[in-house]
Amino acid sequence: MIYVCVPVHNEARTAGLVLWKVRQVFTAFPREYHLLVCDDASTDGTAQVLATYAKVLPMSVVTHRERCGYARSLEELLRLAIQRTDRPKRDCAITLHADFSHPPDVMEEMVRRLESGSDVIVAELADAGAHTPRMMRWVRRWAPRLLRVPGIRDTVSGYVALRLVVWRQAQRGDGAPLLTTDGWSANAELLTRLLPHARRTETIRAAARYDLAQRPPRTTPWRQLVGAWRARAVIRAARTTVALLLLCALPRSGGAQHETPPAVVPFAVGERLVYVARLGVFSVGEATLEVAGLDTVRGAETLHFRFHIEGGALWYHLDQTLESWVGRTDFRSRRFLNHTEEKGKRWQREFTIYPASGFYREAGRDSTHPTVADPLDDAAFLYWIRTVPLKIGQRYEFQRYFRVERNPVIVEVLGRDRINVAGRKWDAIVLRPTIPHGGGIFAEKADARLWLSDDSTRIVLGLQSKFSFGHMTMKLKEYSVPGHP
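Each chain carries its own residue numbering, running from 1 in the written order of its sequence. For this predicted model, a pLDDT threshold of at least 70 governs which residues receive local features, and a threshold of 80 or more governs which side-chain atom pairs are given and counted, while totals over whole chains, interfaces and linings are taken from all residues. Side-chain measures here rest on the full set of heavy atoms in the structure, leaving out hydrogens and waters.

**Quick look at the overall build of the protein chain**
Point 1. For helices the rule is a DSSP run of H or I covering at least 4 residues; for strands it is a run of E covering at least 2, with both sets numbered from the N terminus onward. Across its full length, the protein chain carries nine helices and 21 strands.
Point 2. Considering only intrachain contacts with a sequence separation of at least 6, the fraction spanning at least 24 residues in the protein chain is 63%.
Point 3. Each accessible area is a Shrake-Rupley estimate made with a 1.4 Å probe; only the visible protein chains count as cover when residues are assessed. Within the structure as shown, the protein chain displays about 23300 Å² of accessible surface, and the carbon and sulfur contribution to it stands at 51%. It only takes one pair of heavy atoms within 4.5 Å for two residues to be counted as in contact.

**Examining the pattern of salt bridges**
Two side chains that carry opposite charge are able to pair once their charged atoms sit near each other.
Point 1. Definition used for salt bridges: Asp or Glu carboxyl oxygen within 4 Å of a side-chain nitrogen of Lys or Arg. In the structure shown here, the tally under the stated rule is 31 salt bridges.
Point 2. Two residues, D330 and R334, come together in a salt bridge whose shortest N-O distance is 2.8 Å.
Point 3. For every residue, the accessible area obtained with a 1.4 Å probe (protein chains only) is divided by the maximum for its type, and the residue is called buried under 20%, exposed over 50%, and partly exposed between those limits. D330 sits in the partly exposed class, given a relative accessible area of 26%.
Point 4. Accessibility expressed as a relative area gives 8% for R334, which makes it buried.
Point 5. With a closest N to O distance of 3.3 Å, E350 and R335 form a salt bridge. Here R335 lies in strand 12 (residues 333–342) and E350 lies in strand 13 (residues 345–354), a separation of 15 residues in the sequence.
Point 6. Using a relative accessible area of 28% as the deciding quantity, one classes R335 as partly exposed.
Point 7. Through salt bridges that share partners, E109, R113, R200 and E202 make up one connected network.

**Section: helix 3 (residues 70–84)**
The periodicity of an α-helix, 3.6 residues per turn, causes residues three or four positions apart to be oriented the same way.
Point 1. The terminal C-alpha atoms of helix 3 lie 21 Å apart, and with 15 residues this matches the ideal 21 Å at 1.5 Å per residue to within 8%.
Point 2. Every buried residue of helix 3 is accounted for by Y70, A71, S73, L74, E75, L77, L78, L80, A81 and I82. Multiplying one less than the number of residues by 1.5 Å gives the expected span of a helix.

**Description of the pairing of strand 5 (residues 120–126)**
Point 1. Burial of strand 5 is extensive: six of the seven residues sit out of reach of the surface.
Point 2. At least two bridges found by DSSP between two strands is the condition for calling them paired. Pairing of strand 5 with strand 6 (residues 160–163), which is carried by three bridges, proceeds in the antiparallel orientation. Bridge pairing links V120 to L162 in strand 6.
Point 3. Here seven bridges tie strand 5 to strand 7 (residues 201–207), and the two strands are oriented parallel to one another. Each bridged residue has a counterpart across the sheet, and for L125 the counterpart in strand 7 is A206.

**With respect to the nonpolar core**
Point 1. Residues F331, I385, L431 and L461 are the most contacted members of the largest nonpolar core, which totals 58 residues.
Point 2. Aside from chain neighbours lying at most four places away, what touches L431 is I385, L390, V411, E412, V413, A448, R449, L450 and L452. We define the nonpolar core as a collection of buried residues of types Ala, Val, Leu, Ile, Met, Phe, Trp, Tyr and Cys that are connected through side-chain atoms lying within 4.5 Å of one another.

**Quick notes on the packing of aromatic side chains**
Point 1. Only Phe, Tyr and Trp rings are paired, with Trp represented by its six-membered ring, and only when their centres lie within 6.5 Å; those with planes under 30 degrees apart are stacked, over 60 edge-to-face, the remainder tilted. For the structure shown, the criterion picks out 15 aromatic pairs.
Point 2. Measuring from ring centre to ring centre gives 4.6 Å for Y354 and F359, while their planes differ by 20 degrees; the resulting arrangement is stacked. For the pair formed by Y354 and F359, the shared burial category is buried.
Point 3. Three or more aromatic residues link up through ring pairs in this structure, and these residues are F336, F351, Y360, Y401 and F402.
Point 4. Here, a charge over a ring means that NZ of Lys or CZ of Arg falls within 6 Å of the ring centre while also lying within 35 degrees of the ring normal. Sitting above the plane of the Y354 ring, R298 keeps its charged end 4.2 Å from the centroid.
Point 5. The residue whose ring lies beneath R424 is W426, and the NZ or CZ to ring-centre distance is 3.8 Å.

**Considerations on the environment of D40**
Point 1. One can find D40 in strand 2 (residues 33–40).
Point 2. Expressed as a C-alpha distance, the spacing of D40 and E66, which sit 26 residues apart in the sequence, is 7.1 Å.
Point 3. The contact partners of D40, leaving out residues within four places of it in the chain, are V8, H9, H64, E66, R67, C68, G69, Y70 and S73.
Point 4. A polar atom in the side chain of D40 sits 2.7 Å from the side chain of R67. Between N or O atoms, a polar contact is any pair within 3.5 Å; within protein, one atom must be a potential hydrogen donor and the other a potential acceptor, and residues adjacent in sequence are included only when both atoms are from side chains.

**So, the confidence of the model for the protein chain**
Point 1. Scored from 0 to 100, pLDDT reflects the predictor's confidence in each residue. Residues of the protein chain with pLDDT of at least 70 account for 78%, and the chain-wide mean is 80.
Point 2. By mean pLDDT, the top-scoring element of the protein chain is strand 1 (residues 2–8) (93), and the lowest-scoring one is helix 8 (residues 221–249) (53).
Point 3. Scored below 50 in pLDDT, residues 240–266 makes 19 contacts in the model with residues more than four places away or belonging to other chains.

**A short note on the packing of helix 1 (residues 15–28) against helix 4 (residues 107–115)**
Point 1. Geometry is summarised by axes, namely lines fitted to C-alpha atoms with helices restricted to the contacting stretch, and by angles between N-to-C directions that run from 0 to 180 degrees. Viewed as axis vectors pointing N to C, helix 1 and helix 4 meet at an angle of 50 degrees, and their least axial separation amounts to 10 Å. Overall, the two elements helix 1 and helix 4 adopt an arrangement that is oblique. Across the interface between the two elements, V22, V25 and F26 of helix 1 pack against M107, E108 and V111 of helix 4.
Point 2. Residue polarity follows a fixed list, in which Ala, Val, Leu, Ile, Met, Phe, Trp, Tyr, Cys and Pro are nonpolar, Asp, Glu, Lys and Arg are charged, and the others, Gly among them, are polar. Classifying every residue of the contact of helix 1 with helix 4 by side-chain character gives five nonpolar, no polar and one charged. Any angle that is under 35 degrees is reported as roughly parallel, and any over 145 degrees as roughly antiparallel; angles of 65 to 115 degrees are reported as roughly perpendicular and all others as oblique.

**Considerations on the side chain of H97**
Point 1. By the element assignment, H97 lies in the loop between strand 4 (92–95) and helix 4.
Point 2. The exposure class assigned to H97 is buried, which follows from its relative accessible area of 17%.
Point 3. Within the local environment of H97, its side chain forms a polar contact with the side chain of Y70, the two groups lying 3.4 Å apart.
Point 4. Setting aside its immediate chain neighbours within four residues, H97 contacts V6, V18, Y70, H102, S157 and G158.

**Concerning the packing of helix 1 against helix 2 (residues 46–54)**
Point 1. It is at 9 Å that the axes of helix 1 and helix 2 come closest, and there the two elements cross at 25 degrees. Here helix 1 is positioned roughly parallel relative to helix 2, judged by the angle of their axes. Relative to helix 2, the crossing made by helix 1 is right-handed. Residues A15, G16, L17, L19 and W20 of helix 1 touch helix 2, and the partners they reach there are V49, L50 and Y53.
Point 2. Each residue belonging to the contact of helix 1 with helix 2 can be placed in one class, and the counts come to seven nonpolar, one polar and no charged. If you view the pair so one helix is near and one far, a crossing is left-handed when the near helix is turned anticlockwise from the far one by less than a right angle, and right-handed when it is turned clockwise.

Here's what the structure looks like:
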């Protein structure tokens, strides 16, 4: 859900047009959205305009009987958005002015960048030349220099898209107002309090059109500049306070810590493992596990994994390909394909996963489902497990399978073994991986076993899984690992 937050005060001439333009944007760029509008004690007929549009648009209106100001109105709308969402990692808010100084069509690019993994997008308003009064241009150039926020040139534009989890993390625990300044300064203060909680921030350019405003300015540009000068200390104090809070939140050494996997080391492109599949003593097929290449999914660099198995005996035949696209730096699944032909039946399932937004979609089905914070699919699991520190005799539970209902993924480290595959003897560790409430090679009924080489490479040496027709075992036949003879 995209919550478009629009503070309004005496905008009767433009508010309805701006709201309708938002509708046009999300009609051409279909996304689920809801307008949150705050009427800050308007006296010019704005309330009647909003009531008319509320009948035909997905829209909620908050009304102030007394004037509270821009900052209070904006913060109230953001708090309302966080109250309504049940998926703050997926859902986002966009703050938009109702006087047409913010071009609504820029929202499409803002949403695309959020879907690509950014947490905060700031639309920096470009100088519109002759369309902008000279005094306004001069003040708009100097105000951001007084209200500096690292990484942002235009700190006072007020046109921001943010993932709601960032707003939730920025809120104060005592419920006190987050924004203590007003006007342009409140926009800079908002960014100051949000950005330390954002993993990735981006800026885009947008053309400011102050000439389209249909009401006189509420204050002069000079008074805005004076207000920015007076707010400098507040912005500096906010930066310092947020930095200290984040520092205090860092885990201290010496205490009990949760065991977490180490940082992921990218697998070498070109690694290829070939297995012979056996049913008892009979060879019934072959399987291949490979790092097929590098790719880009929604702006994120990914590793492309492919697992293919083909074989059968008597009446049974299986031809299955699992393909996975996983972030190279965060090892989170972005896309997963399952092409299967079994017993003469064919099916294909394709999943698009949005880890930063907290949901996934399946092609051909008009639905959105929640996912976990760090999702993995079946093929990605075979590589990720090679990066996890494992101790003999331990049982691990990981909330990492991309379908929430099939968690936790359980990994039991059964012991060590010495096996003869690919023309040599290997020291190995033996795992029992289980994905609850599902099918496939790691289903609960499959009672699977996984052999990993007991060295730094953690190559998958073998895999055993129980099917309806018996136990199938895949043993490494040959391998090619770049950099290792």
